[in-house]
Amino acid sequence: TLRAACERSTAVSRAPGFVMTSSMCASALVATRASAMAREGVKCVAMGDGVDHRRSRRRRVTRAMTVGALKTARESASLGADSVRYDDKDIPSAVGSASKEDLMRWLSTRALPSQKMALEVNLAEGRGLVATEDIKRGEQLLGVDKGTLITVERAIAEAKLGPKHANLQEWSVLATFLAQQALALDNGTAGAFGDYIRALPRRTGSVLDWPEEEVDKLLKGSPSRAAAAERQESVNAAIDEIRDAFPELTVGSLRWAFDILFSRLIRLDAMGGELALVPWADMLNHKPGCAAFIDLNGSAVNLTTDRAYVKGEQVWASYGQRPSSELLISYGFAPAVGDNPDDEYALTLGVDGNDQFAEVKAQVLRDMGLNPVETFPLKLSGYPRQLLQYASFVLCSPEKASDLPGLAKTAFTGSNGIGQSIFDAARGVMNGQARGKQGVILGGIAGEIAVREMLADMCADALSAYPNTLEKDKGVAQGRMPDFPGADAWTGVAPEA
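Residues numbered from 1 in each chain as written. Predicted model: local features only at pLDDT ≥ 70, side-chain atom pairs only at ≥ 80, totals over all residues. Heavy atoms only, no water.

Asks: What am I meant to see in the overall build of the chain here?
Replies: Secondary structure assignment for the chain yields 17 helices and 17 strands. Out of the 497 residues in the chain, the part that is buried amounts to 55%. A separation threshold of at least 6 residues defines the contact pool for the chain, and within that pool the share at least 24 residues apart is 72%. As displayed, the chain offers around 21000 Å² of accessible surface, 49% of which is attributable to carbon and sulfur atoms. (Helix = DSSP H or I, 4+ residues; strand = E, 2+ residues; numbered from the N terminus. Buried < 20%, exposed > 50% of the residue type's maximum accessible area, 1.4 Å probe, protein only. Contact = heavy atoms within 4.5 Å. Areas by Shrake-Rupley, 256 points an atom, 1.4 Å probe, with all protein chains shown as cover.)

Following this line, the structure appears as structure tokens:
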């Protein structure tokens, strides 16, 4: 059942000109509801030195409202008039007017060194960089000079935003810069990055570019539906804030600017996590499992390859360890089921507010360095044992509240005296000796069976939220792949299907 949930649905990438079909994993298209565990709860009764887990339809286990539950709460709500796919006429006219050759000429003026890669336009992913000669593993590619980066500081200086930018977040500053410069192209007043902005695509295929009815139809039953709504709402709010300070900027130019930022912005660890647009580097496509990251090395941004390439192969980069849902929402594509090792579904469990020992359990968890509500990753390869241990404690019903600290110690740290939460392993902290193997599942074998049955129930409930089977969704997706005659993979623009 868990695997079925993970492999549940299919997504259609909406990037015009290179529309793709991609089956999604759990994180993208498995919904959970706030009532998932209320369908058939699990009761734990203390018996001597152990805990006996028994099925009970009378007791309900409440989970915190997840993304899926948020979707349910909003399902009848519209994304709003400002959320619909913006018309092409709303995008500044000069965007996308530069050719590939124009871009390469501009890059040559920015001290871009000789490259072992060439820009190709008609790849399955659209634009991408392809090896022009054999490349060894560990080679440094790109070499984009630091002066070519569009950072927040550079954007403020180039666009002369003045003190009005002070109340804007860094994303909004960069969006303001892009929109301002794109509009300035029309009257010939754009700055040093004008040619780069002219070469940016008009559309990326991200969720900001999806018609509202497409969002509702393609993501129905998925937690990604709520994520898409939240993305739309956050962008709309940011646009309102920007236009309060810069009313001359149009809504269409700003929506396009945020669309570009979500699909191209890079966080550079060597610069303290600073956000930047990195011309040329932003042509690299993401491949799941790739360990080659774009970062500043000295005075230039480089990509250190994690594998060898032969001439003609596309060179890949990592956009980070992102689940398919995030790739779909931000970039407009999703890897096929099983292709993304970073895919996961965030399962949220919490103490039932109606539990007679709810407050005590919550405090005991805090004393252990945990929270009354925790989120655990479910992957196609499995899920952490910590999930089972946490669930067994949350569900337990001892005879008296004073038993709970001892049960927590048994569940989370065992009898070895390590005062370290095993959940550090699941969180990736890995402090001290905790490696995720301390502690036990309360109730022994019976307890583990009960908790696993609960997880199966939750997955089954999540699957029931979808209107179609996986096989039917695949068929629908395949049927949504028109040839798009006249589509332009360079600008991302295609006629309406």
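Asks: I'm lost on the environment of Ile266 in this one. Help?
Replies: By the secondary structure assignment, Ile266 is in strand S9 (residues 266–268). Look at Ile266 and you get buried, because its relative accessible area is 12%. Separated by 29 residues in sequence, Ile266 and Asp295 place their C-alpha atoms 8.5 Å apart.

Asks: Any chance you could explain the pattern of salt bridges here in plain terms?
Replies: Working definition: two side chains of opposite charge can pair if their charged atoms are close together. Enumeration according to the criterion identifies 15 salt bridges in this entry. For Arg154, the salt bridge is made with Glu158, and the minimal N-O distance between the two is 3.3 Å. Within this pair, Arg154 and its partner Glu158 are both found in helix H5 (residues 152–159), separated by 4 residues, close to a single helical turn. Using a relative accessible area of 24% as the deciding quantity, one classes Glu158 as partly exposed. Note that Glu313 is salt-bridged to Arg307, the shortest N-O span being 2.6 Å. (Salt bridge = Lys/Arg side-chain N within 4 Å of Asp/Glu carboxyl O.)

Asks: Please explain the packing of aromatic side chains as it appears in this structure.
Replies: Aromatic ring pairs are described here by two measures, namely the spacing of the ring centres and the angle between the planes. Enumeration according to the criterion identifies 9 aromatic pairs in this entry. An angle of 45° between the planes, with centres 6.1 Å apart, marks the rings of Tyr331 and Phe333 as tilted. In this structure, Tyr331 and Phe333 share a single accessibility class: buried. The structure contains a cluster of three or more aromatic residues connected by ring pairs, namely Trp106, Phe177, Phe193 and Tyr196. The ring of Trp316 is capped by Lys287, whose NZ or CZ atom sits 5.0 Å from the centre of that ring. Residue placement shows Arg307 over the ring face of Tyr309; its charged tip is 4.0 Å from the ring centre. (Phe/Tyr/Trp six-rings, centres within 6.5 Å; stacked < 30°, edge-to-face > 60°. Lys NZ or Arg CZ within 6 Å of the ring centre and 35° of its normal.)

Asks: Whenever I open this one, the nonpolar core confuses me. Can you help?
Replies: Across soluble globular proteins, nonpolar side chains show a tendency to be buried alongside one another. Grouped together as the largest cluster of nonpolar side chains are 75 residues, with contacts concentrated most on Leu142, Leu178, Trp256 and Phe258. Setting aside chain neighbours within four positions, we find Phe258 in contact with Trp171, Ser172, Ala175, Leu208, Val235, Ala238, Ile239 and Ile242. One finds Tyr345, Phe357, Leu378 and Val394 within the second-largest nonpolar core, a separate group that totals 30 residues. (Core = buried A, V, L, I, M, F, W, Y, C linked by side-chain atoms within 4.5 Å.)

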